[in-house]
Amino acid sequence: MDWPEFSRWGARISEWARVYHETIRSRPVRSQVASGDILKALPESPPKLGTDMEAIFTDFEEIVMPGITHWQHPRFFAYFPANATPPSMLAEFLTSIIAPQCMLWQTSPAATEMETRMIDWLRQSVGLADDFSGVIQDTASTATLAAVLTMRERALNWQGNEEGLSGKRPLRNYCSCEVHTSVDRAIWIAGIGQENLIRVPTHGSTRAMDPNALDANIAEDIAAGLTPAGIVACIGGTGTGACDNITEVCDIAEKYGLYVHVDAAWAGAAMICSEFRGLWNDVDRANSVVFNPHKWLGVQFDCSAHFVKEPDDLVRTLAINPEYLRTSDRDGVINYSEWSISLGRRFRALKIWFVLRVYGLDYLKTTIRNHVEWSQQLCEMIRAEPNFEIITEPVLSLFTFRFVLQNSSDLDSLNQSFVDRINDQGEIYITQTRVNGDLVIRFQAAQFEATRDDVLYALNVLREMSRSMITSEPN
Ligand code: PLP
């Protein structure tokens, strides 16, 4: 492909993007293909000769697009959002054209210095104290892994990387059962072991870790000769939006000298609105915090803001400096690969810069406030319906509910079937979770193109489905 052809296709794809986004409501939100359909459509062997772009693009539309679940669809109410706004796409286009590797300051000074500035813009935007610095990671899972590795090294007096864990007293980490599975994975990868991740019971409507149980668990572990390393708290847990009480967690962590990492992957973006900051009161006392601008701030995947109080501890845990990476730059430059798991790093700061400048914080605040308000309105409407009950109250724009039929003996299967049938129809996309062992329906609205009508439209779909399932249910 020569550059004039690249330029023609660039223009064509950007026009395709406009049409795709302007007509996206006519597509089913969740892909409707059957498993194996796409694989069957792809030749088993690679082509020997080159193919014309026109043919490739036709195949893209005919083979790939039916197999896409439309995360940018305004009626995407499943999981958490992964908003990709137009300015972030343009920044990613530029990044993919320049294609720099941003591992060291010298390998792209603009990327490093913009990363420093953007992390600080984000810190200010969510109201974190100015003694946090930070780094952009690919995902929250990586930030949490980096935090758990730091907890491990601090607890082992910086000997873990060197000596391994064999022969050492087991390390212990603490979290509730509401945290994301990225915490479990971090524990596995750090060599700490699942049985040393202690699940502290939760209490109250916020499903926060019970501080007495947390304190007692740590004290028992110390008495048993184990080594407590740190606590992972969640703000906006994945299932129901559970929020730990950071004040209580930090009081206990300080009592025992433990590291606290706060996972606010989804909810953190909402902290640009000062009225929501009560959810993470005292977060400035934590050692590290992560949130994903790629979820609710319109900065497309991947982009995770990882704030740290003690960057030296992170660097001491992750930095490795072989000869081939040494540079003769002036002292004091930051090499962000020393703050990350991978050496190679994308230029992620550019899309934050584009998004924050194109929209400004006021627009982003209004967008998030609208999502919260519209979800809460929908929650009230569902509450008023005869065959639904609200199971967990809204945390920002996330709540759970259940479809209830009096004579149904298996509400879990009924609700799973309700979710599956709605997603097979494709007008909206929702998912399920479990609350106290029961299967419930999960709803969140946070897509940037969603209007109030899109969010409230979900009620029609739920009502229709409940009517059709009531009629088809045997008496
Ligand atoms: N933490 C929470 C609370 C999440 O909900 C998620 C994903 O939705 C993650 C962490 C993992 O995020 P990532 O995909 O950025 O690793």
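Analysis parameters
Residues numbered from 1 in each chain as written. Predicted model: local features only at pLDDT ≥ 70, side-chain atom pairs only at ≥ 80, totals over all residues. Heavy atoms only, no water. Near = heavy atom within 4 Å. Polar contact = N/O pair within 3.5 Å; in protein donor to acceptor, adjacent residues only side chain to side chain. Areas by Shrake-Rupley, 256 points an atom, 1.4 Å probe, with all protein chains shown as cover. Helix = DSSP H or I, 4+ residues; strand = E, 2+ residues; numbered from the N terminus. Domains from an automatic or database assignment. Contact = heavy atoms within 4.5 Å. Buried area = accessible area lost by both parts, 1.4 Å probe. Salt bridge = Lys/Arg side-chain N within 4 Å of Asp/Glu carboxyl O. Axes fitted to C-alpha atoms, helices over the stretch in contact; angles between N-to-C directions. Parallel < 35°, antiparallel > 145°, perpendicular 65-115°, else oblique. Left-handed = near helix turned anticlockwise from the far one by under 90°. Buried < 20%, exposed > 50% of the residue type's maximum accessible area, 1.4 Å probe, protein only. Pairing = 2+ DSSP bridges. Expected span 1.5 Å × (residues − 1). Bend = angle between axes of the 7 residues up to and from the residue. Disulfide = S-S within 2.5 Å. Core = buried A, V, L, I, M, F, W, Y, C linked by side-chain atoms within 4.5 Å.

Student: Help me out: how do you make sense of the site of the ligand in this one?
Tutor: Close contacts around the ligand come from 13 residues, with Ala140, Ser141, Thr238, Asp263 and Asn292 the closest. Asp263 places a polar side-chain atom, nitrogen or oxygen, 2.6 Å from a nitrogen atom of the ligand. Between Asn292 and the ligand, the recorded distance is 2.9 Å, taken from a side-chain N or O atom to an oxygen atom. Compared with its free state, where it exposes 390 Å², the ligand has 86% of that area covered by protein. Those elements giving two or more residues to the shell around the ligand turn out to be helix H6 (140-155) and helix H11 (293-296).

Student: Just to check I follow, could you spell out the domain arrangement of the protein for this structure?
Tutor: Reports often express the size of an interface as the amount of accessible area lost when the parts come together. Partitioning the protein into domains gives domain 1 (21-80 + 361-475) and domain 2 (101-346). Between the C-alpha centres of domain 1 and domain 2 the distance comes to 31 Å. Contacts between domain 1 and domain 2 engage 21 residues on the former and 23 residues on the latter. At the boundary of domain 1 with domain 2, total buried surface from both sides reaches about 1900 Å², with 73% on carbon and sulfur atoms. When the buried area of domain 1 at its contact with domain 2 is split by residue, Phe80, Ile368 and Leu396 rank highest and sum to 36% of it. Our enumeration of links across domain 1 and domain 2 arrives at one salt bridge. Inspection of the region where domain 1 meets domain 2 yields four residue pairs in polar contact (both at pLDDT 80 or more).

Student: Mind showing me how you'd approach the packing of helix H9 (residues 211-223) against helix H10 (residues 246-256) here?
Tutor: For any two helices packed against each other, the geometry is given by the interaxial angle and the distance between the axes. Close contact between H9 and H10 brings their axes to 10 Å; oriented N to C, the two are set at 20°. In this view, H9 runs roughly parallel relative to H10, as classed from their interaxial angle. Judged by the sense of rotation from one axis to the other, the crossing of H9 with H10 is right-handed. Mapping the contact onto sequence places Pro211, Leu214, Asp215, Ile218, Ala219 and Ile222 in H9 and Glu248, Val249, Ile252, Lys255 and Tyr256 in H10.

Student: How should the environment of Arg75 be read in this particular structure?
Tutor: Tracing the sequence through the fold places Arg75 in the loop between helix H3 (53-64) and helix H4 (86-98). In this structure Arg75 comes out as buried when scored by relative accessible area, which is 14%. Note: C-alpha distance between Arg75 and Ile24 (51 residues apart in sequence) is 9.9 Å. Apart from residues lying up to four places away in sequence, Arg75 is in contact with Arg25, Val29, Glu427, Ile428, Tyr429, Asp454 and Tyr457. A distance of 3.1 Å separates the side chain of Arg75 from the side chain of Asp454, its partner in a polar contact.

Student: I keep staring at the side chain of Ser397 and nothing clicks. Help me out?
Tutor: Tracing the backbone shows Ser397 in the loop between strand E10 (388-395) and strand E11 (398-403). With relative accessibility at 0%, the residue Ser397 sits in the buried group. Setting aside anything within four residues of it in sequence, one finds Ser397 in contact with Trp266, Trp296, His371, Val372, Ser375, Phe443, Gln444, Ala445 and Ala446.

Student: Looking at this structure, how should I read the pairing of E11?
Tutor: The side chains of a regular strand alternate, residue by residue, between the two faces of the sheet. For E11, the buried fraction is high: six of the six residues fall into the buried class. Hairpin connection from E10 to E11: two residues lie between these consecutive antiparallel strands, with Leu396 at a positive phi of about 55°. Looking at chain direction, E11 and strand E13 (residues 438-444) are connected through four bridges and run antiparallel. If you follow Leu398 over to E13, its bridge partner there is Gln444.

Student: When you look at the pattern of salt bridges in this model, what are you seeing that I'm missing?
Tutor: Side-chain pairs of opposite charge can arise where the charged atoms are in close proximity. If you walk through the whole model with that rule in mind, you get 32 salt bridges. Between Asp215 and Lys255 there is a salt bridge, with the nearest N and O atoms lying 2.8 Å from each other. On the criterion of sequence distance, the pair formed by Asp215 in helix H9 and Lys255 in helix H10 is long-range, its members being 40 residues apart. Looking at Lys255, the relative accessible area reads 53%, which means it is exposed. Among the charged side chains, a salt-bridge network with shared partners connects Glu92, Asp302, Arg346, Arg348 and Lys351.

Student: Is there a simple way to think about the sheet that holds E11 in this case?
Tutor: The strands that make up a sheet are held in pairs by hydrogen bonds between backbone atoms, and each pair lies either parallel or antiparallel. Spatially, four strands are ordered E10-E11-E13-E12 in an open sheet, and the strand pairing comes out antiparallel. Each of the sheet's edge strands pairs with one partner strand only, and the pair in question is E10 and strand E12 (431-435). Within this sheet the neighbouring strands show an average axis-to-axis angle of 35°, counted without direction. The pairing of E12 with E13 spans five bridges and is classified as antiparallel. The partner of Thr433 across the bridge, within E13, is Val440.

Student: What is the right way to look at helix H13 (residues 349-383) in this model?
Tutor: For an α-helix the count is 3.6 residues per turn, leaving residues at separations of three or four pointing the same way. The end-to-end C-alpha distance of H13, which contains 35 residues, comes to just 42 Å, noticeably less than the 51 Å that a straight helix rising 1.5 Å per residue would cover. At Gly360, H13 shows its largest kink, close to 85°.

Student: Explain the state of the cysteines here, please?
Tutor: Cysteine pairs can be covalently joined through their sulfur atoms, and such a bond is termed a disulfide. On inspection of all chains with the given rule, the structure shows zero disulfides. This cysteine, Cys177, is not joined by any disulfide, and Cys175 carries the nearest cysteine sulfur, 8.2 Å off. Lacking any disulfide linkage, Cys243 is separated from the closest cysteine sulfur, that of Cys234, by 6.9 Å.

Student: What's the story with the nonpolar core in this structure? I'm lost.
Tutor: In summary, soluble globular proteins display a tendency toward joint burial of nonpolar side chains. Ranked by size, the top nonpolar core spans 65 residues in total, and within it Trp296 and Ile368 carry the most contacts. With eight residues, the single largest contributor to this core is H13. Composition of this core by domain shows at least three residues from each of domain 1 (21-80 + 361-475) and domain 2 (101-346). Every residue in contact with Ile368, bar those within four places of it in the chain, is listed here: Ala269, Ala270, Ile272, Cys273, Phe276, Trp296 and Leu297. Within the second largest apolar cluster, 28 residues are counted, among which are Leu378, Phe418, Ala458 and Leu462.

Student: Hey, could you run me through the sheet that holds strand E8 (residues 288-291) in this one?
Tutor: With mixed pairing, the seven strands of this open sheet are ordered in space as E1-E9-E8-E7-E6-E2-E3. Each edge of the open sheet is held by one strand with a lone partner, namely strand E1 (133-137) and strand E3 (197-200). Each strand of the sheet is rotated relative to its neighbour by a mean of 20°, with strand direction disregarded. Sheet topology places strand E2 (residues 171-176) next to strand E6 (residues 227-234); four bridges connect them, and they run parallel. Residue pairing for E6: Arg172 is matched across the bridge by Pro228. Packing against the sheet, helix H8 (residues 181-189) makes contact with E2, E3, E6 and strand E7 (259-263), and its axis sits at approximately 155° to E3.

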